[in-house]
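# Overview (structure and organization)
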Amino acid sequence: MKSIVIGSGFGGIAAALRLRAKNHSVTLIEKHPDLGGRARVFKKNGFTFDGGPTVITAPYLIEELFELFNKKPQDYIKLTPLKTWYRFIFDDGKKFDYSGDEDQMKKQIKEINEEDVEGYEKLVRFTKKIFDKGFTELADVPFDKPLIMIKQLPALLKLKSYKSVYSLVSSYIKNEKLRRMLSMHPLLVGGNPFTTTSIYGLILYLEKKWGIHYSMGGTGNIINGLEKLMNEEGIELIKGHEVISIVSSNNKIEGVKLDNQKEINADNVICNADPPAVYEKLLTKNKFSALFEWKKKRMQYSMGLFVYYFGTKKTYDDVEHHTIKFGDKYKEHLDDIFNKKKLNHDISYYLHRPSATDKSMAPKDHDCFYVLVPVPNNQSKIDWTVEGDKMKDLIIDKMEKALLPNLRENIVEDFYLTPDYFEKELNTKFGSGFSIQPKFTQSAYFRFHNKSEICEGLYFVGAGTHPGAGVPGVLSSAKVLDKII
Ligand SMILES: Cc1cc2nc3c(=O)[nH]c(=O)nc-3n(C[C@H](O)[C@H](O)[C@H](O)COP(=O)(O)OP(=O)(O)OC[C@H]3O[C@@H](n4cnc5c(N)ncnc54)[C@H](O)[C@@H]3O)c2cc1C
């Protein structure tokens, strides 16, 4: 059996390895000269900037890929658990160190609002129930038939999946700061906490179950380890070539055509590239049913991301590895981003400082960072060639005030990525950071199916398909594939 994987994100690599373990002859094709997709690495003058994922959860999903071939993960990668998972900074300057230490968590909650300690305990218990169903039971189930979804509906309703994550958290927690903190998880997978189905409340529990890890040498080191494994196991890697069409005949896959006009035949094509872009640009000769066209058109896309990477000539030792700073008008900010599609100066941001844990990420006595700000996706028509520098200045001003004094004068290396990068370089529709939004009406059966309904032999893994974005999500999508191919 010959299988082609298009794209080398975590989902694509996991799919290639899982199919190889089933003895398929596998070719993985990546547009860029390097692997990883959103997890690509940018190296500049001694700084190592992980492009995307930094918070590693459910590490077993990565380790399993090595174990498929009886290899020891620790011979390839080194994951280390973090003590403080996130430091939250509120607009009044108060801090909260979020971790797996439940005593410390409750102590800090008590300082903010004593009444919420009990609510927090109840919330954690409830998210465990969601986790047991939504992750343990359903994350790797192929939702390609309506009956599978219908069977799950009573349980999903019992788990209040019609509520948003923010609304679920608010039913247990009274304090607004704590509500924001405990409901922020959808933002990690491209959703607005005020509209994302409470199924995604499972991330709160998933973090507690296995902890939050860092990959020494950066997340890129996991990609390197997986690349080494793919080479050892005989997966053919074609880098620096884009698939320009998927070839089929009588609705059966025949192969792909590359940008150098070369055609490669295969029994299966597994797309790790963003599904809406694949359906629109790589399958132009295929006919879609009216129902499928409707489904495709009604999809709502995740927010865009402005990611500013910078290195400093001094170290900011009191800054944690992961910091989240909420803006004052958080809800309005999210509404501007997701619904009104306009920029708002009252930004919230996530700051990554890998050199807090791993000195190899920056030259000696220097610090390495990236700051991620949710922004509207390219449905906004924002001209990033004009707004990019303004956004960078705004972010530096905000960070100078809140946690990195004299930042501007200490920056020695920097660059930024906007939704244009995600659209043009990573081929995502509207430059969304995380493909389609994780809403109830776009989850499981309602998402782009892992097994395409358009063509026999066509499959999807990655953020736009079930179960969704985030490294654990896309690795789980490859486990779904394992069951259907
Ligand atoms: C800035 C940022 C921070 C994040 N932080 C975290 C985090 O801390 N923890 C976490 O779990 N998740 C995080 N995420 C989410 C996570 O990174 C993604 O959901 C996940 O990596 C997406 O993987 P994927 O398998 O969908 O593929 P992608 O990474 O989207 O890769 C798809 C690949 O397909 C290639 N491609 C597309 N079209 C073609 C074509 N026609 N021919 C050949 N190749 C093609 C692209 O070049 C790309 O390499 C973050 C995302 C971003 C952007």
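Below: a short report on this structure. Note that the coordinates shown come from a computational prediction; the quantities given were computed from them, not determined experimentally.

## Some details on helix H4 (residues 116-137)
Counted at 1.5 Å a residue, the expected span for H4 with its 22 residues is 32 Å, and the 30 Å between its end C-alpha atoms agrees. The principal kink in H4, of about 35 degrees, is found at Phe131.

## Side note on the packing of helix H2 (residues 60-67) against helix H16 (residues 471-484)
Closest axis-to-axis distance for the H2/H16 pair is 9 Å, and the angle between their directions is 40 degrees. In terms of axis orientation, H2 runs oblique to H16. Note on element contacts: H16 touches H2 through Pro472, Leu475, Ser476 and Lys479, opposite Tyr60, Leu61, Ile62, Glu64 and Leu65. Residue composition of the contact of H2 with H16, by class: six nonpolar, one polar and two charged.

## Some thoughts on the nonpolar core
Of all hydrophobic cores here, the largest spans 113 residues; its most connected members are Phe88 and Tyr98. If you tally residues by element for this core, the top one is H4, at eight residues. Other than its neighbours up to four places away in sequence, Tyr98 contacts Thr84, Trp85, Tyr86, Phe88, Met105, Met181, Leu182, His185, Leu204, Glu207 and Lys208. Core analysis: the second largest hydrophobic core is formed by 28 residues, Ile6, Ile253, Ile264 and Phe292 among them.

## Section: the packing of helix H3 (residues 102-112) against H4
At a minimum axis distance of 9 Å, the contact between H3 and H4 shows a crossing angle of 140 degrees. As the angle between them shows, H3 and H4 are arranged oblique. Here Glu102, Met105, Lys106, Ile109 and Lys110 of H3 lie close against H4, whose contacting residues are Asp116, Val117, Tyr120 and Glu121. Partitioned by chemical class, the residues of the contact of H3 with H4 number four nonpolar, no polar and five charged.

## A few points about the site of the ligand
Taken together, 38 residues form the shell around the ligand, and within it Gly11, Glu30, Arg38, Val55 and Val471 come nearest. Gly37 places a polar main-chain atom, nitrogen or oxygen, 3.4 Å from an oxygen atom of the ligand. Side-chain polar atom of Asn272 to an oxygen atom of the ligand: 2.8 Å apart, as the coordinates give it. For the ligand, the accessible surface in isolation is 1000 Å², of which the surrounding protein chains cover 96%. Looking at the shell around the ligand, the elements with two or more residues in it are helix H1 (10-21), strand E2 (25-30), strand E17 (367-375) and H16. With three residues, the single largest contributor to the shell around the ligand is H16.

## Considering the side chain of Asp140
Structurally, Asp140 can be placed in the loop between H4 and helix H5 (146-158). Looking at Asp140, the relative accessible area reads 17%, which means it is buried. Setting aside its immediate chain neighbours within four residues, Asp140 contacts Ser476, Lys479, Val480 and Lys483.

## Focus on the sheet that holds strand E19 (residues 458-460)
Strand-to-strand pairing in sheets goes through backbone hydrogen bonds, with the strands running parallel or antiparallel. One open sheet holds the five strands; their spatial order is E9-E2-E1-E13-E19, and the pairing between them is parallel. Sheet topology places strand E9 (236-239) and E19 at the edges, where each strand pairs with a single neighbour. When the angles between neighbouring strand axes are averaged without regard to direction, this sheet yields 20 degrees. Most of the contacts of H1 go to E2, to which it runs at about 170 degrees, and overall it touches strand E1 (2-6), E2 and strand E13 (268-271).

## Here we look at the sheet that holds strand E7 (residues 95-99)
Taken in spatial order, the seven strands line up as E7-E6-E15-E16-E17-E14-E18 in an open sheet, and their pairing is mixed. At either end of the open sheet lies a strand with only one pairing partner, and these are E7 and strand E18 (411-417). In this sheet, adjacent strand axes meet at a mean angle of 20 degrees when their direction is disregarded. As defined by bridge partners, strand E15 (residues 322-325) adjoins strand E16 (residues 349-352) across four bridges and the pair is classed as antiparallel. Bridging from a neighbouring strand, Thr323 pairs with Leu351 of E16. Across the sheet, helix H8 (residues 202-210) touches strand E6 (84-89) and E7, and the angle it forms with E7 is around 65 degrees. Seen against the sheet, helix H13 (residues 384-402) touches strand E14 (304-312), E15, E16, E17 and E18 and runs at an angle of roughly 60 degrees to E14.

## Details of the pattern of salt bridges
Inspection of the entire model under this criterion finds 35 salt bridges. One salt bridge in this structure joins Asp92 and Lys177, with 2.7 Å as the shortest N-O distance. With Asp92 in the loop between E6 and E7 and Lys177 in helix H7 (residues 176-182), this pair connects stretches of sequence that are 85 residues apart. The partly exposed category is assigned to Asp92, whose relative accessible area is 48%.

Reading the values: the criteria
- Residues numbered from 1 in each chain as written.
- Predicted model: local features only at pLDDT ≥ 70, side-chain atom pairs only at ≥ 80, totals over all residues.
- Heavy atoms only, no water.
- Helix = DSSP H or I, 4+ residues; strand = E, 2+ residues; numbered from the N terminus.
- Expected span 1.5 Å × (residues − 1).
- Bend = angle between axes of the 7 residues up to and from the residue.
- Axes fitted to C-alpha atoms, helices over the stretch in contact; angles between N-to-C directions.
- Parallel < 35°, antiparallel > 145°, perpendicular 65-115°, else oblique.
- Contact = heavy atoms within 4.5 Å.
- Nonpolar A, V, L, I, M, F, W, Y, C, P; charged D, E, K, R; others polar.
- Core = buried A, V, L, I, M, F, W, Y, C linked by side-chain atoms within 4.5 Å.
- Buried < 20%, exposed > 50% of the residue type's maximum accessible area, 1.4 Å probe, protein only.
- Near = heavy atom within 4 Å.
- Polar contact = N/O pair within 3.5 Å; in protein donor to acceptor, adjacent residues only side chain to side chain.
- Areas by Shrake-Rupley, 256 points an atom, 1.4 Å probe, with all protein chains shown as cover.
- Pairing = 2+ DSSP bridges.
- Salt bridge = Lys/Arg side-chain N within 4 Å of Asp/Glu carboxyl O.

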